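Residue-level structure breakdown
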Amino acid sequence: MTELDPAPQSSVERSASERPVPQPGPPSRGADTNEAVERAYRDAYGSVLATLIRFLGGDFDAAEEALADVFATALETWPRDGIPASPAAWLTTAARNRALDAIRRDRRQADKLAVLQQELAVTEVAPMHLGTEGGLEDDRLRLIFTCCHPALPLDARVALTLRTLGGLTTPEIARAFLVPEATLAQRLVRAKRKIRQAGIPYRVPRAEELPERLDSVLATLYLVFNEGYLASAGATAVRHELCTEAIRLAAIVADLLPDRPETHGLLALLLLQDSRREARLGADGSIALLEEQDRSRWDRAEIARGQEALDRGFAAAARLSHASVGRYLLQASIAAEHARTADGRSTDWRAIATLYEALSRIDPSPIIELNRAVAIAQADGPAAGLSLLDDLAARGQLDGYHLLPAARADLLRRLGRLPEAAAEYERALAICDNDAERRFLQRRLAETRS
Amino acid sequence: MRYMLLIYSEEAQPDAAPGATPEIPPAWLEYTDWLLKKGYHSAGEQLAGSSAATTVRVRDGNRLVTDGPFTETKEVLGGYYLLDCDSLDEALEAAARCPGALYGSIEVRPIIGMAMPG
């Protein structure tokens with residue numbers, strides 16, 4: 001890990017012109033019952049919507065509309081009559097009836113051909129699985145793979161996944177990604193149009209397609225998480241919801257595809273990274289170094305869950321083949337190495353350097369080499385790390401990436417070459433646009449000069 | 001659904017002549033066979049090189065004829081297949097198997113179904 005704990009994926013949206021003025025939070029519904037209703041609804045949303053979309057022959061809009069109608073009803077009746085024993089079954093039945101009503105209403109207006117097509121679609125997807133656990137799970141997988149189809153642009157996959165599986169509202173997603181609501185709404189409309197026009201099927205990929213398609217799903221969820229995790233101060237509360245949501249969805253995917261090692265790998269990685277969230281920001285809102293973090297603030301329960309997921313991942317990989325240990329299992333292993341030690345001093349940097357080496361074999365990237373160099377600096381001393389960083393800098397692939405000068409600055413500082421360190425901190429500051437990271441770099445720069 | 005696979009690549013021989021019957025490489029024959037066997041194939045053809053291309057525009061009633069392809073790019077349209085598939089996933093699998101995908105790019109475009117008049 002470098003000082004600044006980088007995540008290899010960059011943000012979806014970085015365009016300054018698209019950043020809106022901060023908006024107030026969502027209106028509070030207040031009452032406890034309403035919160036319970038919302039929670040039940042949120043938990044059931046993805047799987048109910050997934051079933052409805054199949055029932056309606058792939059029509060996302062009609063399914064969303066029906067579910068929104070039914071939620072309005074639930075907000076009235078659930079607080080009065082109590083939350084149903086199975087909110088998912090209740091919502092599915094009610095929304096299916098609502099959708100059928102809508103089709104019947106339409107039938108009077110639409111021409112005969114459209115009616116026939118709709119009838120065909122409805123009979124074809126006869127809801128034989130409705131209500132059975134297996135059916136609902138298949139539907140959820142269908143929805144995940146459709147939303148994360150590689151034929152959709154990455155930002156659309158993210159938005160669609162959060163909207164349909166996560167049940168987040170369009171304004172909520174827009175706030176979390178710091179884009180105007182209209183931009184986000186447009187992105188969703190385009191994504192759904194492409195699904196329809198390009199004929200992206202509503203189905204679980206076949207076994208031979210699964211590796212590629214699963215990669216796309218995991219990358220989408222990782223990006224959702226990082227967007228929340230790397231959030232700069234200010235919008236942290238809203239954005240942390242992205243982390244929670246990414247973890248929830250990753251757990252669902254790991255549950256649905258337990259024999260794929262990387263599903264557990266991603267879940268483990270997210271849990272282990274998230275466990276450090278509270279300790280990650282110092283009191284002044286600057287990033288706290290891994291070695292400076294108050295490890296008593298790491299979430300031990302989350303670390304335990306992460307470790308369990310990691311174990312499940314390696315067990316699944318052992319059942320397949322050695323080559324099935326992928327980037328998420330390796331990254332999670334690195335995070336687990338950090339989590340294992342109660343203080344930074346006993347960290348096994350040698351093991352971490354080896355893990356980074358394995359990672360760069362799967363996924364050659366200068367950022368991973370940067371991290372490996374930092375691990376080597378910890379294991380063998382700053383001079384060894386610095387020479388690797390110098391090679392990396394000479395290749396120029398990381399020009400414009402602030403963590404390279406930041407890492408060089410740190411090693412120069414530890415070698416006592418303070419004027420050079422100060423110059424590197426200044427270079428890092430000139431290209432870093434994250435507030436929390438900037439505060440850290442400024443603090444270091446001041447220390448170097450004093 | 002119907003899909004067009006547009007095969008783009010850098011041209012090996014820009015002056016591949018129309019009318020001539022160059023030998024079709026075995027990989028392409030096998031691929032076309034595969035498309036036929038899967039029931040996807042509905043049409044497909046190789047185009048003559050871009051040096052044989054002529055571009056026509058009509059502006060304000062005037063016909064403008066220029067030599068060469070519509071855009072001068074490194075990768076040019078070299079051929080196409082018209083496929084009948086169940087979904088984009090089938091079309092993408094077909095595109096990935098196309099020999100042209102190994103050295104060029106295959107653009108997959110759905111065909112808009114239009115009702116015939118009358």
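One can find the structure itself at the top, above this paragraph.
So, how was this worked out
Residues numbered from 1 in each chain as written. Chains lettered and ligands numbered in written order. Predicted model: local features only at pLDDT ≥ 70, side-chain atom pairs only at ≥ 80, totals over all residues. Helix = DSSP H or I, 4+ residues; strand = E, 2+ residues; numbered from the N terminus. Buried ≥ 20, exposed ≤ 12 C-beta atoms within 10 Å, placed from the backbone. Contact = placed C-beta atoms within 7 Å. Core = buried A, V, L, I, M, F, W, Y, C linked by C-beta atoms within 7 Å. Domains from an automatic or database assignment. Nonpolar A, V, L, I, M, F, W, Y, C, P; charged D, E, K, R; others polar. Pairing = 2+ DSSP bridges. Axes fitted to C-alpha atoms, helices over the stretch in contact; angles between N-to-C directions.

1. Notes on the overall build of chain A
Along its length, chain A carries 20 helices and zero strands. By the burial criterion, 44% of the 450 residues in chain A qualify as buried. Here the analysis covers contacts within chain A between residues at least 6 apart in sequence; of these, 66% occur between residues at least 24 apart.

2. Structural notes on the nonpolar core
One finds A:Leu52, A:Ala63, A:Leu67, A:Leu221, A:Ala246, A:Ala250 and B:Leu5 to be the most contacted residues of the largest nonpolar core, which totals 140 residues. Of the residues forming this core, the biggest block, 10 residues, is contributed by helix α1 (residues 32-55) of chain A. Taken together, domain 1 (32-130) and domain 2 (348-450) of chain A each give at least three residues to this core, which thus spans both. If near-sequence neighbours (up to four positions away) are discounted, B:Leu5 is found in contact with B:Tyr80, B:Tyr81, B:Leu83, B:Ala94, B:Ala95, B:Cys98, B:Ile106 and B:Val108.

3. Quick notes on the interface of chain A and chain B
Counting from both sides, the interface comprises seven residues of chain A and, opposite them, five residues of chain B. Broken down by class, the residue content of the side of chain A that touches chain B amounts to four nonpolar, two polar and one charged.

4. Some remarks on the environment of B:Ala52
In this fold, B:Ala52 is placed in the loop between β2 (41-46) and β3 (54-59). When the C-alpha positions of B:Ala52 and B:Asp67 are compared, they lie 8.3 Å apart, and in sequence the two are 15 residues distant.

5. Things to note about unusual backbone geometry
The bulk of non-glycine residues show a negative phi, and the bulk of peptide bonds are trans. The phi angle at A:Leu178 is positive, at roughly 55 degrees, despite the residue not being glycine. The exposure class of A:Leu178 is buried, given the 23 C-beta atoms found within 10 Å.

6. With respect to the sheet that holds strand β1 (residues 2-10) of chain B
Residue and element names in this part refer to chain B. Spatially, the four strands line up as an open sheet ordered β2-β5-β1-β6, and their pairing is antiparallel. Here the strands that pair on one side only, and so sit at the sheet edges, are β2 and β6 (105-110). Going from strand to strand, the sheet's axes swing by 20 degrees on average, the running direction of each strand aside. Sheet analysis places β1 next to β6, joined by six bridges and oriented antiparallel. Within the sheet, the bridge partner assigned to Tyr8 lies in β6 and is Ser105. The strands touched by helix α1 (residues 26-38) within the sheet are β2 and β5 (75-84), with β2 carrying the most contacts at an inclination of about 165 degrees.

7. Concerning the pairing of strand β4 (residues 62-67) of chain B
In terms of burial, β4(B) is largely open, as just zero of its six residues are buried. Linking two consecutive strands that pair antiparallel, namely β3(B) and β4(B), is a turn of two residues; a positive phi of about 50 degrees is found at B:Asp60 within it.

8. Section: the environment of A:Leu52
Residues and elements named next belong to chain A. Mapped onto the secondary structure, Leu52 falls in helix α1. For Leu52, a count of 28 C-beta atoms within 10 Å corresponds to the buried category. For Leu52 and Arg96, which are 44 residues apart along the polypeptide, the C-alpha to C-alpha distance reads 6.6 Å. Sequence-distant contacts of Leu52, defined by excluding residues within four places in its chain, comprise Ala63, Ala66, Leu67, Ala95, Arg96 and Ala99.

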